[in-house]
Amino acid sequence: MIAKISSGKETAGLIRYLFDTKKAKDHTDPHLVASWDGFAPDPGRSDEVDTTSKLLVADLDLHVKQARRLGRAPEQHVWHCSLRAAPEDRSLSDEEWADIARRIVAATGIAPNGDPDGCRWVAVRHAPDHIHIAATKVRADLRTARHWNDYHTADRELAAIEKEYGLLQVVRGDRTAAKRPTRAEQEKARRAGQDKPARERLRTTVRTTVAAASSMEEFVHLLSHIDGVLVEVVYFPSGDVRGYKVAAEDTTTASMEPVWFSGSELAPDLSFPKIRKRLENSDPQPIGQPSRRGPNPWYQATAAAERIPHHLDQADDEASQAHLAAFGEALDALPFLAPQTLRPQLRTAATAFERAARSRIRAEHHHARALRGAVRAMVREPTPKDGAILSMFLDAAILVVIAAARWHELRYHDQQVAAAQQTLFHLQAAYDQAAAAPLAALVQRQPPQQAVERQIRRLRQVVPEHAEQIIEDPAFAALTTALAEAEAAGHDPERLLQQIADQRALDDARRPARVLTWRIKRLSARPAPSAQAPAGQAHAAQARSATQRPTAPAHPAAAVPAPQPQRTRRR
């Protein structure tokens, strides 16, 4: 059930509209279902509609006229609230709508329960699926009603009403969503031939810049060097930075000033104080220079992402929120690091997860330094040509989004759950496209039958509860190759499998062989501890010789079709 609330200055005009049956075609049977005292005149049930309407208006305006003589009546003295049921809901009776109306005027402060001086109001039903509440804001004691924040108080009451009446429970927010572009902004973008309004384009640009920066100085530096973006830093009289503003260059004409947006106007988490706090918990990187040689940042980011589901299972909500925020930054940066064909899906996924990464829980950002630092290092590295590295990260990201949806669902964050589900759809599409070639290449190198059977025995021993599902997974052939190559490099396959199983990585996996494949690939990229010992070297040599004997796929589910050309979805 949805509420819409507005104010006006003419009671007669609103009543005339509510009982009109000529101009408004959906006004099939206008009549009162409730009123402030239960005895208000009903034009819908009167033979003399005009006369009864005038009587109703006079009754509603009684206290307004009295307050006006004392100079105390508000100019916008009319309060109008429409309540509409969902199309899936059953048809409510007049008595049920009356009860709902009374609860709404009480919750919003128009006519509190037990208050004899509450405002005068009526509830009009002129269609089966909705009612209108018309009220005047002056109370019987001639004070103006205190209905501050009435939309949100009405929305809270409607959530309770939906549960009690067995109606569709509408997805509700927590007031942390970014402000939507106005209709004027949308029309302006359409006239200029832009696919998105300036506010949305700037939001994406700023969010991506934050993901790449490691300090406020670098953030401003990077932002000021982006084509088409104007930046202005705002200072206190003391000289300290107060905030920043951005504008799209294409919104400026010779006769107009640019349309500026502060960070908080773009999104709640893009305000200057929140960005500064987030960046204070980042390891600084030299501006314009690649990160120093060390572990592959893509592997580091993947490892950090793999640990996020575990963090979300802990009791520390502030730390969990920080990990979700850092993961959102990783998704923001991903479209600029991926091949061109994957960018539309990844950009849409990042935009969707923007909502899932925010809630009213305060984030303790220092908990997510590992992922944030890895993302900043990724930005400074050349884009990897190996599709397996990107597929590895996307596979971990899918499990993070599944865990994020579950975490939000347990806390009744309805909008975040919906956003996570939307993110999952686009990440899955990007993964399917990115992983087709790397998985097919692994299948081409599948080890002999004897080696495959050895891997099956290991799976049944280490992960017996998932073994059959893994063997039936179309990616099983690629997994056997990954295990064989890890063993040839000196790693202990059983130890690797046990390490992954201990992380509970397979609990949420719909394709467990795929998850195992990429995690085995990442873990086996490290130096093998057993490869230094003579026995380990001999074992590795034996495993290498076994993998070099070609054979046909050992299991009917192991065959993965060669990647087919895919169409790029037009956005």
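Our structure is the block above this text.
To start, this report covers the structure provided alongside it.

Here is what the cut-offs are and how they apply
- Residues numbered from 1 in each chain as written.
- Predicted model: local features only at pLDDT ≥ 70, side-chain atom pairs only at ≥ 80, totals over all residues.
- Heavy atoms only, no water.
- Helix = DSSP H or I, 4+ residues; strand = E, 2+ residues; numbered from the N terminus.
- Areas by Shrake-Rupley, 256 points an atom, 1.4 Å probe, with all protein chains shown as cover.
- Pairing = 2+ DSSP bridges.
- Axes fitted to C-alpha atoms, helices over the stretch in contact; angles between N-to-C directions.
- Contact = heavy atoms within 4.5 Å.
- 1 Å grid on protein atoms, 1.4 Å probe; cavity = no way out; pocket = protein on both sides within 12 Å on 5 of 7 lines; lining within 4 Å.
- Points joined across faces, edges and corners; volume = space filled by probe spheres on them.
- Nonpolar A, V, L, I, M, F, W, Y, C, P; charged D, E, K, R; others polar.
- Phe/Tyr/Trp six-rings, centres within 6.5 Å; stacked < 30°, edge-to-face > 60°.
- Buried < 20%, exposed > 50% of the residue type's maximum accessible area, 1.4 Å probe, protein only.
- Expected span 1.5 Å × (residues − 1).

1. Things to note about the overall build of the chain
Part 1: Of the regular secondary structure elements, the chain holds 22 helices and eight strands.
Part 2: As presented, the chain carries roughly 28,500 Å² of accessible surface, and 51% of it is formed by carbon and sulfur atoms.

2. Some words on the sheet that holds strand E5 (residues 130-136)
Part 1: As summarised here, the arrangement of the five strands in space is E1-E3-E5-E4-E2, forming an open sheet in which the pairing is antiparallel. Taken across any chain shown, the strands that pair with only one partner, and hence form the sheet edges, are strand E1 (2-8) and strand E2 (31-35). For this sheet, the mean inter-axis angle between neighbouring strands, taken without regard to orientation, is 20 degrees.
Part 2: Contacts between helix H1 (residues 11-18) and the sheet are confined to strand E3 (78-84), strand E4 (121-127) and E5, with E5 contributing the most and set at about 160 degrees to the helix.
Part 3: Along the sheet, helix H5 (residues 150-165) makes contact with E1 and E3, crossing E1 at roughly 150 degrees.

3. Describing empty space enclosed by the protein
Part 1: The tally for this structure, following the rule as stated, stands at one cavity of 30 Å³ or more.
Part 2: Reported here for the largest cavity is a volume of approximately 30 Å³.
Part 3: Thr11, Leu14, Ile15, Leu60, Val78, Ala134, Ala135 and Thr136 are the residues that line the largest cavity.
Part 4: Considered class by class, the residues forming the lining of the largest cavity number six nonpolar, two polar and no charged.

4. Focus: the packing of aromatic side chains
Part 1: Following the criterion strictly, the structure yields three aromatic pairs and no others.
Part 2: Plain terms: the ring middles of tryptophan 298 and phenylalanine 393 are 6.3 Å apart, the flat faces sit at 90 degrees to each other, and that makes the pair edge-to-face. Taken as a pair, tryptophan 298 in helix H11 (residues 297-312) and phenylalanine 393 in helix H15 (residues 387-410) lie far apart in primary sequence, 95 residues in all. Each of the two residues, tryptophan 298 as well as phenylalanine 393, counts as buried.
Part 3: With a centroid separation of 5.2 Å and 85 degrees between ring planes, the pair formed by phenylalanine 327 and phenylalanine 353 is classed as edge-to-face. With phenylalanine 327 in helix H12 (residues 317-333) and phenylalanine 353 in helix H13 (residues 343-356), this residue pair connects regions lying 26 residues apart in the sequence.
Part 4: A relative accessible area of 0% means that phenylalanine 327 is categorised as buried.

5. A word on the sheet that holds strand E6 (residues 229-235)
Part 1: Across the sheet, which stays open at both edges, the three strands sit in the order E6-E7-E8 with antiparallel pairing between neighbours. For this open sheet the edge positions go to E6 and strand E8 (261-262), each flanked by a neighbour on one side alone.
Part 2: Where helix H7 (residues 198-212) meets the sheet, its contacts fall on E6, strand E7 (241-248) and E8, and the angle it forms with E7 comes to roughly 125 degrees.

6. What to know about H7
Part 1: Between its first and last C-alpha, H7 extends 21 Å over 15 residues, near the 21 Å set by a 1.5 Å rise per residue.
Part 2: For H7, the buried fraction is high: 11 of the 15 residues fall into the buried class.
Part 3: Of the residues making up H7, those classed as buried are Ala198, Arg199, Leu202, Arg203, Val206, Arg207, Thr208, Thr209, Val210, Ala211 and Ala212.

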